[in-house]
Amino acid sequence: MKRKITEAAVLEQTCLAQGIYSMWLRAEEIASEAGPGQFISMYCREGSRLLPRPISLCETDRKQGRIRVVYRVAGKGTKEFSEKKAGDTIRILGPLGNGFPLKEKKALLVGGGIGIPPMLQLAKELPGEKQMVMGYRNEELFLKSDLERLGPVYVSTDDGSAGTKGTVLDAIRENRLEAEVLYACGPLPMLRGLKAYAAETGMEAWISLEERMACGIGACLACVCKSTEVDDHSRVRNKRVCKEGPVFLAEEVDLS
């Protein structure tokens with residue numbers, strides 16, 4: 001389906017932690033179509049910032065035609081978004097990319113930093129038993145209470161201020177968590193470790209990559225990642241994160 005840029009009304013916005021914001025938008029078509037793990041492109045009003053910002057979908061409310069994004073202020077574009085109030089509008093394009101497949105298996109959901117938000121909608125839609133491990137910098141555990149309504153949540157923090165001190169892998173091992181399928185989103189070092197862990201333990205693993213994107217629709221090849229097979233579009237060992245991803249079967253991508 002051809003996507004078009006639409007004006008979405010801001011319904012509410014709150015600050016969840018230092019530099020982390022939650023925004024609900026009115027977007028009926030996107031809410032009706034989007035799956036967990038997909039994203040939207042959000043456009044700035046400032047003319048000097050031409051490229052959109054890709055933001056993962058945190059929640060979709062199909063009944064009320066709303067979507068939720070939770071994002072970190074990382075530059076001038078996201079700073080502009082953080083200043084939006086209820087009644088303002090933002091130009092958006094979506095839903096984009098391929099999301100997580102919903103497996104009827106015992107699942108382990110792992111999020112790190114700003115890779116945590118897409119885990120919320122995934123947890124809502126997965127049909128089977130699930131456990132969740134979320135990695136934070138410190139005790140500002142944004143979205144933890146939302147996730148706890150959907151299943152047990154284990155936490156790791158870089159500074160040891162909450163949960164396991166260390167990485168999400170440390171928390172998985174400390175709590176002896178087991179599953180048949182792993183879903184993960186977060187920084188590359190985390191995904192690299194989880195891919196290896198899944199291979200060691202025989203878990204099926206689906207990972208969502210975070211890459212800088214430009215067009216968001218697979219035309220510009222700015223967000224390619226290394227793949228283990230030849231891509232049909234580029235004819236080389238690349239995959240477009242915005243088009244074939246951002247979610248991949250871990251075995252399909254080379255994270256080295």
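Heads up: these notes are all about the structure in this document. Bear in mind the structure is a predicted one, so any value in this text is a computation, not a measurement.

In the segment running from G94 into P95, the intervening peptide bond is cis, with an omega of -5°. With respect to the element layout, P95 can be found in strand β6 (residues 89–96). Residue L143 is not a glycine yet carries a positive backbone phi of 70°. Checked against the element boundaries, L143 lands in the loop between β8 (130–136) and α4 (144–148). When its relative accessible area of 5% is taken as the criterion, L143 is described as buried. If you check the backbone angles, R176 has positive phi at about 50° while not being a glycine. Summarising the element assignment, R176 is placed in the loop between α5 (168–174) and β11 (181–185).

It is worth spelling out the sheet that holds strand β10 (residues 164–165) at this point. Spatial strand order, β10-β9-β8-β7-β11-β12-β15: seven strands in an open sheet with mixed pairing. With one partner strand each, in any of the chains shown, β10 and β15 (247–249) form the two edges of the open sheet. Bridge analysis of β8 against strand β9 (residues 153–157) gives five bridges, and the strand direction is parallel. Residue pairing for β9: M134 is matched across the bridge by V155. Sheet strands in contact with helix α6 (residues 188–201) are β7 (107–112), β11 and β12 (204–208), and its direction is about 170° off that of β11.

Definitions and limits used
Residues numbered from 1 in each chain as written. Predicted model: local features only at pLDDT ≥ 70, side-chain atom pairs only at ≥ 80, totals over all residues. Heavy atoms only, no water. Helix = DSSP H or I, 4+ residues; strand = E, 2+ residues; numbered from the N terminus. Buried < 20%, exposed > 50% of the residue type's maximum accessible area, 1.4 Å probe, protein only. Pairing = 2+ DSSP bridges. Contact = heavy atoms within 4.5 Å. Axes fitted to C-alpha atoms, helices over the stretch in contact; angles between N-to-C directions.

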